[in-house]
Amino acid sequence: LHEMNPTPSSAFKMGKRKYANKKYDEAITYFKEALEGVDIDNITKSKYAYYTAVSYAANGSYSKARSLAVKAVNFRKNWGDPYILIGKLYANTASKCGSDPAAKKAGYWAAIEKFQLARSIDNNCRSEANKLISDYKNRVPTASMLADNNYSGTNYKIQCWYTETRRFSYPI
């Protein structure tokens with residue numbers, strides 16, 4: 001039916017079907033087609049961008065997933081789900097970043113910040129964000145871990161597949 005009369009809505013439905021069957025590359029193609037449709041309101045665009053981001057994440061394309069999640073937020077400023085997704089990406093890859101024990105845990109700071117942001121702008125995300133914050137708050141680098149790895153100052157720059165600067169939660 002989509003091939004006979006393609007619309008953004010039919011492309012989105014095809015994308016959901018492909019995603020459900022774990023055919024993420026095909027899902028991405030359909031979701032992007034839906035997102036490029038004309039005469040779509042911003043809330044619908046945000047949904048299409050978000051599903052594209054989720055598909056990229058499932059495919060292991062974290063940078064593209066983050067980029068599309070940010071696009072979803074730009075279409076719909078008060079939606080927390082894209083920030084939850086970004087936080088999960090940061091948390092799931094934290095141990096792959098950095099070269100010392102503190103650096104391998106710093107990504108949890110960035111993840112928690114995204115969960116806190118989601119919680120602050122979208123009450124529908126509050127419960128999930130609180131659970132994720134609780135799950136990850138004890139994984140951040142400790143003050144002694146930072147000191148043992150010769151970190152000083154008040155900020156830490158996370159350099160991974162993304163770059164973020166975070167303020168230490170405690171004095172070093």
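A brief report on the enclosed structure follows. (Residues numbered from 1 in each chain as written. Predicted model: local features only at pLDDT ≥ 70, side-chain atom pairs only at ≥ 80, totals over all residues. Heavy atoms only, no water.)

## Quick word on the pairing of strand β2 (residues 163-167)
Across a regular strand the side chains alternate sides, sitting on one face of the sheet and then on the other.
Link 1 in the chain: Burial along β2 is one-sided: the face carrying E164 and R166 is buried and the face carrying T163, T165 and R167 is not.
Link 2 in the chain: In terms of strand pairing, strand β1 (residues 155-159) meets β2 through 5 bridges, oriented antiparallel. Within the sheet, the bridge partner assigned to K157 lies in β2 and is T165.
Link 3 in the chain: Linking two consecutive strands that pair antiparallel, namely β1 and β2, is a turn of 3 residues. (Buried < 20%, exposed > 50% of the residue type's maximum accessible area, 1.4 Å probe, protein only. Helix = DSSP H or I, 4+ residues; strand = E, 2+ residues; numbered from the N terminus. Pairing = 2+ DSSP bridges.)

## Structural notes on the state of the cysteines
Link 1 in the chain: According to the stated counting rule, one finds 1 disulfide in the structure shown.
Link 2 in the chain: A sulfur-sulfur distance of 1.7 Å marks the disulfide that ties C97 to C160. Judged by the sign of its S-S torsion, about -55°, the bond between C97 and C160 is left-handed. Here C97, found in the loop between α5 (81-93) and α6 (103-121), pairs with C160, found in the loop between β1 and β2; they are 63 residues apart in sequence, far enough to count as distant.
Link 3 in the chain: Of the residues examined, C97 reaches a relative accessible area of 5% and is grouped as buried. (Disulfide = S-S within 2.5 Å.)

## Some words on the packing of helix α1 (residues 8-20) against helix α2 (residues 24-35)
Link 1 in the chain: In contact at an axis separation of 7 Å, α1 and α2 are set at 165° when each is read in the N-to-C sense. In this view, α1 runs roughly antiparallel relative to α2, as classed from their interaxial angle. The hand of the α1/α2 crossing is left-handed. Contact residues: α1 offers P8, A11, F12, M14, G15, K16, K18 and Y19, while α2 offers Y24, E26, A27, Y30, F31, E33 and A34. (Axes fitted to C-alpha atoms, helices over the stretch in contact; angles between N-to-C directions. Parallel < 35°, antiparallel > 145°, perpendicular 65-115°, else oblique. Left-handed = near helix turned anticlockwise from the far one by under 90°. Contact = heavy atoms within 4.5 Å.)

## Side note on helix α3 (residues 42-58)
Link 1 in the chain: Across its 17 residues, α3 extends 24 Å between first and last C-alpha, which sits within 8% of the 24 Å expected from 1.5 Å per residue.
Link 2 in the chain: Considered for burial, the residues of α3 that qualify are S46, Y48, A49, Y50, T52, A53, V54, S55, Y56 and A57.
Link 3 in the chain: Among the structural elements, α1, α2, α4 (62-75) and α5 are those in contact with the buried residues of α3.
Link 4 in the chain: Positive backbone phi, approximately 85°, marks G60, located one or two places after α3. (Expected span 1.5 Å × (residues − 1).)

## Comments concerning the nonpolar core
Link 1 in the chain: Counting 50 residues, the largest nonpolar core has I84, L85, F115 and Y136 as the members making the most contacts within it.
Link 2 in the chain: A per-element tally of this core places α6 first, with 9 residues.
Link 3 in the chain: With residues up to four places along the chain from it excluded, the contact list for F115 reads I84, G87, K88, A129, L132, I133 and Y136. (Core = buried A, V, L, I, M, F, W, Y, C linked by side-chain atoms within 4.5 Å.)

Shape descriptors only; they carry no functional weight alone.
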